[in-house]
Amino acid sequence: MALPYKHSGTFLRSAGIYSAIAKNCKILNLKPAKRIEFNFDPFGENVLSTRNVLTYLTQDKVRDTNPKCIIKTNVLCNRANPSINIAFDTGHKLIFKTQNLSTLEVLQLFNRFVSSTVKPEAEVSVPKTKAQKKKK
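Just so you know, these numbers come straight off a predicted model, no measurement behind them.

Each value, and the rule that gives it
- Residues numbered from 1 in each chain as written.
- Predicted model: local features only at pLDDT ≥ 70, side-chain atom pairs only at ≥ 80, totals over all residues.
- Heavy atoms only, no water.
- Axes fitted to C-alpha atoms, helices over the stretch in contact; angles between N-to-C directions.
- Helix = DSSP H or I, 4+ residues; strand = E, 2+ residues; numbered from the N terminus.
- Parallel < 35°, antiparallel > 145°, perpendicular 65-115°, else oblique.
- Left-handed = near helix turned anticlockwise from the far one by under 90°.
- Contact = heavy atoms within 4.5 Å.
- Nonpolar A, V, L, I, M, F, W, Y, C, P; charged D, E, K, R; others polar.
- Pairing = 2+ DSSP bridges.
- Core = buried A, V, L, I, M, F, W, Y, C linked by side-chain atoms within 4.5 Å.
- Buried < 20%, exposed > 50% of the residue type's maximum accessible area, 1.4 Å probe, protein only.
- Arc of directions from axis to C-beta.

Mind showing me how you'd approach the packing of helix α1 (residues 17-26) against helix α4 (residues 103-113) here?
The angle between the axes and the distance between the axes are what describe a pair of packed helices. Relative to each other, α1 and α4 sit at 25°, their axes nearing to 10 Å. Our classification of the angle between α1 and α4 gives roughly parallel. The two elements α1 and α4 meet at a crossing, and its hand is left-handed. Along the contact surface, α1 presents Ile17, Ala20, Ile21, Asn24 and Cys25, while α4 presents Thr103, Leu104, Leu107, Gln108 and Asn111. For the contact of α1 with α4, the class distribution of residues is 6 nonpolar, 4 polar and no charged.

Have a look at this one:
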């Protein structure tokens, strides 16, 4: 007995969690942030996502987007819930309580609220020399 429908072609599948994290890491930008503070108890539960995000934000490529941004880590020993506190240049503050969030969710929220507020840079027009104009 044949199936009532036909399908030709392939199904598109996600490349997985690691490619999603890599995609979000490529668009990380610290320009609007003035200070980022990580608070976690290393012996507490559910701190792995906070520690992973700390690793991704301290990469050289990400740090080069805003060298003036201060990244501080507070290691606590009082079983406090992990959190990320972000202070913006505009004076606003944002707190991520990351106890029940995965690494991918934290990166997506960071890109939504921090990286998306970056203003596009204005293109600088370089005047053409006579030799460049004659080539056309």
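Still more ground to cover, so stick around.
It is not clear to me how the sheet that holds strand β3 (residues 83-88) should be interpreted in this structure. Could you clarify?
Pairing between the strands of a sheet comes from backbone hydrogen bonds, and it takes one of two forms, parallel or antiparallel. Ordered in space as β2-β1-β3-β4, the 4 strands form an open sheet in which the pairing is mixed. Strands with a single pairing partner mark the edges of an open sheet, and in this sheet they are β2 (70-75) and β4 (93-97). Neighbour-to-neighbour, the strand axes of the sheet open up by a mean angle of 15°, direction not taken into account. In this sheet, β3 lies alongside strand β1 (residues 33-40) in antiparallel orientation, the contact comprising 6 bridges. Bridge assignment links Ile36 to a residue of β3, and that residue is Ile86. Here helix α2 (residues 48-57) sits on the sheet and contacts β1, β2 and β3; the angle it forms with β1, its principal contact strand, is near 150°. Along the sheet, α4 contacts β1, β3 and β4; its crossing angle with β4, the most-contacted strand, is approximately 165°.

In this structure, what is going on with the nonpolar core? I would like to understand it.
Side chains of nonpolar character tend, in soluble globular proteins, to be buried together. One finds Ile36, Phe38, Leu57, Ile84, Ile86 and Phe110 to be the most contacted residues of the largest nonpolar core, which totals 25 residues. At the level of secondary structure, the elements contributing two or more residues to this core comprise α1, β1, α2, β3, β4 and α4.

Sorry if this is basic, but what is going on with α2 here?
Along an α-helix, residues three or four positions apart point the same way, because every turn accommodates 3.6 residues. Listed in full, the buried residues belonging to α2 are Ser49, Thr50, Val53, Leu54 and Leu57. Buried positions in α2, seen along its axis, are confined to an arc of 140° and lie on one side of it. Here the buried face of α2 lies against β1, α3 (60-63), β2, β3 and α4.

Whenever I open this one, the pairing of β4 confuses me. Can you help?
Looking along a regular strand, one sees side chains alternate from face to face of the sheet. Only one face of β4 is covered, namely the face carrying Leu94 and Phe96; the face carrying Lys93, Ile95 and Lys97 is uncovered. As paired elements, β3 and β4 share 5 bridges and run antiparallel to each other. Note that in β4 the partner of Ile86 across the bridge is Leu94. Between β3 and β4, which pair antiparallel one after the other, the connecting turn spans 4 residues, and Gly91 there sits at a positive phi close to 100°.

How should I be thinking about the side chain of Thr50 in this particular structure?
Tracing the chain through its elements places Thr50 in helix α2. Its relative accessible area of 0% is what places Thr50 among the buried residues. Every residue in contact with Thr50, bar those within four places of it in the chain, is listed here: Phe38, Phe40, Pro82, Ser83, Ile84 and Thr98.

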